Amino acid sequence: MTLPTVDLSRFTHGSNLERKQFASELLDSLSQSGFVKIVGHGIQDWAVAKMFEWNKSFFQMRERDKISIAHPGGSAPQRGWSAVGAESSSSLYRKGLLKTEMTKELKDAREHFDQGAKGDFQYPNRWPDECVIPGFRDFMENAFTTLESVASQILEALEVAFDLPYGEILTKITPQANASEMRLLHYPAIDVNEIRGGGVSRVWPHFDLGVITLLFQDAVGGLEFENRKQPGTFTRVECGAPAEMIVNVSETLQRWTNGSLPAGLHRVNIPENLEKKESGILPERYTVVYFCKADRAASVGPLKQFVREGTEPEYEDISAIEYHQRRLQSAY
Ligand SMILES: O=C(O)CCC(=O)C(=O)O
Ligand SMILES: [Fe+2]
């Protein structure tokens, strides 16, 4: 199965009919696999290439500069640098794992940098010293704002697809209280056999916690989503043009839709060209991710439009912050 590609400019610049068509294609693909590829979002190939350049420069910093902005762990939103192995994706979701994997300590072979909104004074960002990496902060703050607006356009299209009143979803993700996060990821080169050994993965199968996730991957590849017709098997997300944006449904949207739009289980595995080789080194890999999250005070209980009269909602009516803290507690 190849992932459908939809063109967001048909929604942002199209006629009413084109907007409706876009919305329904978007929802179709997300309903099938939890994933879709989006083009026409206005971020050009060269701009994505720039994000990857900054990504590399960040992880090339000296260890001590990264340590100076290390995320302390725990259940607070992630800010700054997380070393290889600091976050364990396997503890976020265990169903996708084999029985033997359940009991082992499973490591993620990646390091990352996490950033919240500029105006998030509750959980301030941890920036490297400007003289160590001049221009990084400015670039990342702008990139965050750009991705924030693309995420809103996608959510507006989902409101249309679901026939919800304007703002039903968007009012829960506001620029004033934005709890979303941007993440730069670096997967160092690793021996295929270390991954085959079983205790280490680039990313174990998991769901993201927010509403939707936007992701750019480099040409190395390896991102896979679960094939729902054969649970436990995964389909590769093919690498395309740099600006092809991969979007997935995350847990909060599953909750808001009372389970009718399930989140997409995904992992990062050995890429295609090395899959059949007995030995070899997986080249290092970089990705750029934007986790669009609900405002902390917003409810992550099902929207009333998705709960049939006379039935109980599938999920508890709790706030986004409470929900995230419960889920994150297990990941570090
Ligand atoms: O880097 C990737 O391709 C996936 C990363 C991911 O799934 C995550 O950080 O939640
Ligand atoms: Fe993820």
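Look up: the structure comes first, before these words.
Okay, so let's go over this structure. (Residues numbered from 1 in each chain as written. Chains lettered and ligands numbered in written order. Predicted model: local features only at pLDDT ≥ 70, side-chain atom pairs only at ≥ 80, totals over all residues. Heavy atoms only, no water.)

## A short note on helix α3 (residues 45-59)
An ideal rise of 1.5 Å per residue puts 21 Å on 15 residues; α3 measures up with 22 Å between its terminal C-alpha atoms. Considered for burial, the residues of α3 that qualify are A47, V48, M51, F52, W54, N55, F58 and F59. Buried residues along α3 cover an arc of 160° about the axis, so they all sit on one side. (Helix = DSSP H or I, 4+ residues; strand = E, 2+ residues; numbered from the N terminus. Expected span 1.5 Å × (residues − 1). Buried < 20%, exposed > 50% of the residue type's maximum accessible area, 1.4 Å probe, protein only. Arc of directions from axis to C-beta.)

## Brief notes about the sheet that holds strand β12 (residues 234-236)
Either a parallel or an antiparallel arrangement is found when strands of a sheet pair, and the pairing is made through backbone hydrogen bonds. Overall, antiparallel pairing links the four strands, which are arranged β9-β14-β11-β12 in an open sheet. Both outer strands of the open sheet, β9 (203-206) and β12, are each paired with one neighbouring strand and no more. Each strand of the sheet is rotated relative to its neighbour by a mean of 25°, with strand direction disregarded. Relative to strand β14 (residues 266-268), β9 is paired through two bridges, and the arrangement is antiparallel. Residue pairing across strands places H206 opposite H266, the latter belonging to β14. (Pairing = 2+ DSSP bridges. Axes fitted to C-alpha atoms, helices over the stretch in contact; angles between N-to-C directions.)

## Digging into the nonpolar core
Across soluble globular proteins, nonpolar side chains show a tendency to be buried alongside one another. Counting 65 residues, the largest nonpolar core has L26 and L214 as the members making the most contacts within it. Residue contributions to this core peak at twelve residues, all from helix α6 (residues 136-162). Counting 13 residues, the second-largest nonpolar core is a separate cluster that includes L185, V203, L215 and F291. (Core = buried A, V, L, I, M, F, W, Y, C linked by side-chain atoms within 4.5 Å.)

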